[in-house]
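Structural overview for review
So the chains spell out like this:
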Amino acid sequence: MGFKCGIVGLPNVGKSTLFNALTQTAAAEAENYPFCTIEPNVGEVPVPDPRLEKIAEIVKPKSVVPTRLTFVDIAGLVRGASKGEGLGNQFLAHIREVDAIAYVLRCFDDPDVTHVDGHIAPLSDAETVETELMLADMESLEKRIEPLEKKIRGQDKEAKKTLELVHAALDMLRDGKPARLANVEEEDRRAFRALNLLTSKRVLYVCNVDEASAATGNAYSRAVEEKVAQAAAQAGSADPKPPQVVVISAKIEAELAQLAADERAEYLQELGLEEAGLDRLIRAGYSLLDLITFFTAGEKEARAWTVREHTKAPRAAGQIHTDFERGFIRAETVSFDEFVEYGGESGARDAGKLRLEGKDYIVQDGDVLHFRFAT
């Protein structure tokens, strides 16, 4: 499944440096001037999951394949992007293609790296980015009203419901709030997502701090955390998946990307870090998108697969091959904990822990599955 998280931010916040480290490539230029990234760069990254390593220890397969998440590096936004300032229209179009948005916020002082506004203010930067996205959404929605009204006069019932959703989103945006906070009934969620609004997407705030603050954060990052927590409390149930905050040092991550695995562990220990910030960022993005992992394990391959929460077994089988979904018969299922406890599938079967699940089974995070299907 093509889950994408877009990386956005003002120029010179460390966005492309972070992306380069994230994908361990030099695909995106990281230069000290605005608009160095002209086209979005795309990188697939493995989602760190020690459970897959444990399964591989038991099964001893020929290959181990982790699940992956796609990050898209989108060129820096500036104030006025919604009106085409900078390369705004082009960038906003790229943002529409992602499932979630990571706002990279500059939370470090460095006189050698210019800031587009001349001073360090991550909360103001976040507001600038979100304001541009809200203005773009408002313009997009306002253009849809007249065509929808014409369809309604032609007795188009679907257009009537769509117009109601348009107005619900506009009411929220005009009140200075993102569209994701609009009061939308559960049965209308799919239609609301079809509006493809920038501010209806899930949000992750990435506080890019100096190297000395990587383990503890700093005053800038704490201000962001406090603001996000306050906004989440005010939104309450209106935002069931509030934004998350990850503190990371892009410089450290760039250095880690150049080291061998054993050297990374030693370097992290020297810095007082338990794990790489990128691992936390990837997991946060994974969680933000309501994704879960199931596993398949055999002599040839142990593999992690990505599906959304509440996915039924046939749809999960379809991630492996469309024939598996079409001809689905059942899923032989064991939880990760029991797979490990009983030493694999055969041990779990002997212990009576292997279950046979049908078409209505909801796949759970950590399930180890073997699908039976008819050709």
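An account of the accompanying structure is given in this report. (Residues numbered from 1 in each chain as written. Predicted model: local features only at pLDDT ≥ 70, side-chain atom pairs only at ≥ 80, totals over all residues. Heavy atoms only, no water.)

1. Brief notes about the pairing of strand E10 (residues 328-334)
Our working definition: Burial here depends on accessible area, computed with a 1.4 Å probe over protein chains only, as a share of the maximum for the residue type. Under 20% is buried, over 50% is exposed, and the range in between is partly exposed. We count a stretch as a helix when DSSP gives it H or I for four or more residues in a row; a strand needs E for two or more, and each element gets its number in order from the N terminus. When DSSP finds at least two bridges between two strands, those strands are taken to pair.
When you tally the buried positions in E10, you get five out of seven residues, the bulk of the element. Strand direction decides the pairing type here: E10 and strand E11 (residues 355-357), joined by three bridges, are antiparallel. Bridged to Thr333 within E11 is Arg355.

2. So, the sheet that holds strand E7 (residues 244-248)
This is how it is decided: Fitted lines through C-alpha atoms serve as axes, helices being fitted only where they are in contact, and the angles separating the N-to-C directions of these axes extend from 0 to 180 degrees.
An order of E2-E4-E1-E5-E6-E7 is seen for the six strands of this open sheet, with the pairing classed as mixed. Strand pairing shows two members of the sheet lacking a second neighbour, strand E2 (41-46) and E7, which therefore form its edges. This sheet shows a mean twist of 25° between the axes of neighbouring strands, independent of strand direction. Two elements, strand E5 (residues 100-107) and strand E6 (residues 202-209), share eight bridges in a ladder whose sense is parallel. Note on E6: the bridge partner recorded for Leu105 is Cys207.

3. So, the packing of helix H4 (residues 122-153) against helix H5 (residues 157-174)
Counted only if it meets this: In these notes the angle categories are as follows: under 35 degrees is roughly parallel, over 145 is roughly antiparallel, 65 to 115 is roughly perpendicular, and the rest is oblique. It is the rotation of the near helix from the far one that decides the hand of a crossing: anticlockwise by less than a right angle makes it left-handed, clockwise makes it right-handed. Pairs of residues are marked as contacts when any of their non-hydrogen atoms sit within 4.5 Å. Side-chain classes are defined by residue name, with Ala, Val, Leu, Ile, Met, Phe, Trp, Tyr, Cys and Pro counting as nonpolar, Asp, Glu, Lys and Arg as charged, and the others, Gly among them, as polar.
Following both chains from N to C, one finds H4 and H5 inclined at 150°, their axes separated by 9 Å at the closest point. In terms of orientation, H4 and H5 fall into the roughly antiparallel class. Regarding H4 and H5, the two cross each other, and that crossing is left-handed. From H4, Met134, Asp137, Met138, Leu141, Glu142, Ile145, Leu148, Glu149, Lys151 and Ile152 reach across to H5, where they touch Ala159, Lys160, Thr162, Leu163, Val166, His167, Ala169, Leu170, Leu173 and Arg174. Considered class by class, the residues forming the contact of H4 with H5 number twelve nonpolar, two polar and six charged.

4. A few points about helix H1 (residues 15-23)
Judged by how many residues are buried, H1 sits mostly within the fold: eight of nine residues are covered. Looking at H1, one finds that the buried residues are Lys15, Ser16, Leu18, Phe19, Asn20, Ala21, Leu22 and Thr23. Phi turns positive one or two residues past the end of H1, at Gln24, with a value near 55°.

5. A few points about the side chain of Thr296
Its place among the elements puts Thr296 in strand E8 (residues 291-297). Looking at Thr296, the relative accessible area reads 14%, which means it is buried. If we skip the residues at most four places from it in the chain, Thr296 touches Glu301, Ala302, Arg303, Trp305, Ile320 and Leu369.

6. Quick word on the nonpolar core
The test is simple: Put simply, buried Ala, Val, Leu, Ile, Met, Phe, Trp, Tyr and Cys residues joined by side-chain atoms within 4.5 Å make one nonpolar core.
In this structure, Leu69, Phe71, Tyr103 and Leu281 are the most contacted members of the largest nonpolar core, which totals 51 residues. In this structure Leu281 touches Leu18, Leu22, Leu204, Val206, Val246 and Ile248, once residues within four positions along its chain are discounted. Grouped together as the second largest cluster of nonpolar side chains are 18 residues, Met134, Leu141, Leu165 and Ala182 included.

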